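Below are the chains, spelled out letter by letter.
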Amino acid sequence: MNIAYSPCPNDTFVFHAWTHGLIPGAPALDVTYADIDITNRLAAGTDGPEILKISYAALPWVLNDYALLPCGGALGRGCGPLVLTAGSPGSADPAWLAGRRVAVPSDRSTAYLLFRLWAAQNVPVGVGEIVVMPFHEIMPAVRDGRIDAGLVIHEARFTYGNFGLALMADMGSWWESDTGLPIPLGAIVARRNLDLAAIAGWIRASVEYAWAHPEASRSYVLRHAQEMSPDVAQAHIDLYVNEFTANLGDKGFEAVYALLGRAAQEGLVPEVDLAKLRG
């Protein structure tokens, strides 16, 4: 079975057991490791993998072919994307972004969707140019002055200080205060012609194995962690692998409904049949 997910610690931690044949009855996986911008576009194609990790923001474009699975993804609290600057005078004020260049990790990422919803309230005249680049390149680009501000995800929450960068805004804090809901970041989807219940069961078993045997995945996680320190990798896992990873539940689905419903009202994503998200 073909699957595509990122080399980030939360994904490799979640899928380690299944990838290594430790889940009874689960088929072997052929894994493609790819940045979220790539997996979003793979899902939008006609011959994408059978299972993918994508942004929740990309769901409206793929729901005809892929179903959202209720486990394996990234949704939580205190884990939202950050807007960073090099600390230039006045750059703590969101209005400073007017007309400036902002790097984002994908034009169909949840991070960018949250940023657009936030900017509509806080930068009404609009930012300048949006530049898409791999998330691990964003902080060096801001530090070096090639980009005015960067929207960052994943472990950048723990490491941006190492680049001498300053926090302008936390998209997760804004979303949580505005809605009272957790932040939907990354979704696991599977082609609708597959046995979705079985796939969800294998993913949940892989999550539970990872929690029960945290040392088993360590070398696999660090091998794909792009020179990340073990402490940062563990902090990443602790933040992004949580109760919603095992089961989205009603609160998780409510958060997804809220994000995509609000974005559709703003004309940022196509309108979707929200009931279709559950099956």
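This report concerns the structure included in the present document. (Residues numbered from 1 in each chain as written. Predicted model: local features only at pLDDT ≥ 70, side-chain atom pairs only at ≥ 80, totals over all residues. Heavy atoms only, no water.)

Description of empty space enclosed by the protein
In this approach the atoms are scanned with a rolling probe the size of a water molecule, which exposes any empty space left behind. The final tally for this structure, using the stated rule, is three cavities of 30 Å³ or more. Estimates place the volume of the largest cavity at around 220 Å³. I36, I153, H154, L185 and G186 are the residues nearest the centre of the largest cavity, which is lined by 18 residues in total. Elements with a minimum of two residues in the lining of the largest cavity: α1 (9-19), β3 (51-55), α4 (110-122) and β11 (183-191). Residues that form the lining of the largest cavity fall into these classes: eight nonpolar, eight polar and two charged. The calculated volume of the second largest cavity comes to roughly 90 Å³. Every residue along the wall of the second largest cavity is listed here: F13, P214, S217, R218, V221, L222, P230, A233, Q234 and I237. Among the elements of the structure, α9 (218-223) and α10 (230-240) are those that each provide at least two residues to the lining of the second largest cavity. Of the residues forming the lining of the second largest cavity, the biggest block, four residues, is contributed by α10. (1 Å grid on protein atoms, 1.4 Å probe; cavity = no way out; pocket = protein on both sides within 12 Å on 5 of 7 lines; lining within 4 Å. Points joined across faces, edges and corners; volume = space filled by probe spheres on them. Helix = DSSP H or I, 4+ residues; strand = E, 2+ residues; numbered from the N terminus. Nonpolar A, V, L, I, M, F, W, Y, C, P; charged D, E, K, R; others polar.)

Digging into the environment of V123
Positionally, V123 belongs in the loop between α4 and β8 (130-132). By relative accessible area, V123 is classed as buried at 4%. The residues contacting V123, other than those within four sequence positions of it, are P94, L97, A98 and W118. (Buried < 20%, exposed > 50% of the residue type's maximum accessible area, 1.4 Å probe, protein only. Contact = heavy atoms within 4.5 Å.)

Things to note about helix α7 (residues 171-179)
Of the residues making up α7, those classed as buried are M171, G172, W174, W175 and E176. Considering only its buried residues, α7 is in contact with β6 (82-85), α4, β9 (149-152), β10 (166-170), β11 and α12 (249-265). Capping the start of α7, D170 holds a side-chain oxygen 2.8 Å from the backbone nitrogen of G172, two or three residues further along. (Polar contact = N/O pair within 3.5 Å; in protein donor to acceptor, adjacent residues only side chain to side chain.)

Details of the layout of surface pockets
Considered as a void within the structure, the largest pocket measures approximately 330 Å³ in volume. Considering the residues around the largest pocket, the lining is formed by 18 residues, among which M139, E155, T159, F163 and Q226 are closest to the centre. Looking at the lining of the largest pocket, the elements with two or more residues in it are α5 (135-143) and α6 (156-159). In terms of residue count, α5 provides more of the lining of the largest pocket than any other element does, five residues in total. Tallied by class, the residues present in the lining of the largest pocket amount to 11 nonpolar, five polar and two charged. As a volume, the second largest pocket reaches approximately 160 Å³. In terms of residues, the lining of the second largest pocket owes the most to one element, α4, which gives five residues. Tallied by class, residues from the lining of the second largest pocket come to seven nonpolar, one polar and one charged.

Regarding the packing of aromatic side chains
Evaluation of the coordinates by the stated rule reveals seven aromatic pairs. Ring-pair connections join several aromatic residues into one group, and the members of that group are Y5, F15 and Y33. Lying across the ring of W61, R108 places its NZ or CZ 4.0 Å from the centre. (Phe/Tyr/Trp six-rings, centres within 6.5 Å; stacked < 30°, edge-to-face > 60°. Lys NZ or Arg CZ within 6 Å of the ring centre and 35° of its normal.)

Describing the sheet that holds β6
With mixed pairing, the five strands of this open sheet are ordered in space as β8-β7-β9-β6-β10. With one partner strand each, in any of the chains shown, β8 and β10 form the two edges of the open sheet. Each strand axis lies, on average, 25° off the axis of its neighbour in the sheet, ignoring direction. Note: β6 against β9, four bridges, orientation antiparallel. Paired with L82 across the bridge in β9 is V152. Lying on the sheet, α5 is in contact with β6, β7 (102-104) and β9; it crosses β9 at an angle near 160°. (Pairing = 2+ DSSP bridges. Axes fitted to C-alpha atoms, helices over the stretch in contact; angles between N-to-C directions.)

Considerations on the pattern of salt bridges
Applying the stated criterion across every chain, the model contains 11 salt bridges. Between R77 and E176 there is a salt bridge whose closest N-O contact spans 3.6 Å. A residue pair is termed long-range when its members are at least 10 positions apart, and R77 in the loop between β5 (74-76) and β6 and E176 in helix α7 qualify at 99 residues. Several salt bridges share partner residues, and in doing so they unite D37, R41 and D107 into one network. (Salt bridge = Lys/Arg side-chain N within 4 Å of Asp/Glu carboxyl O.)

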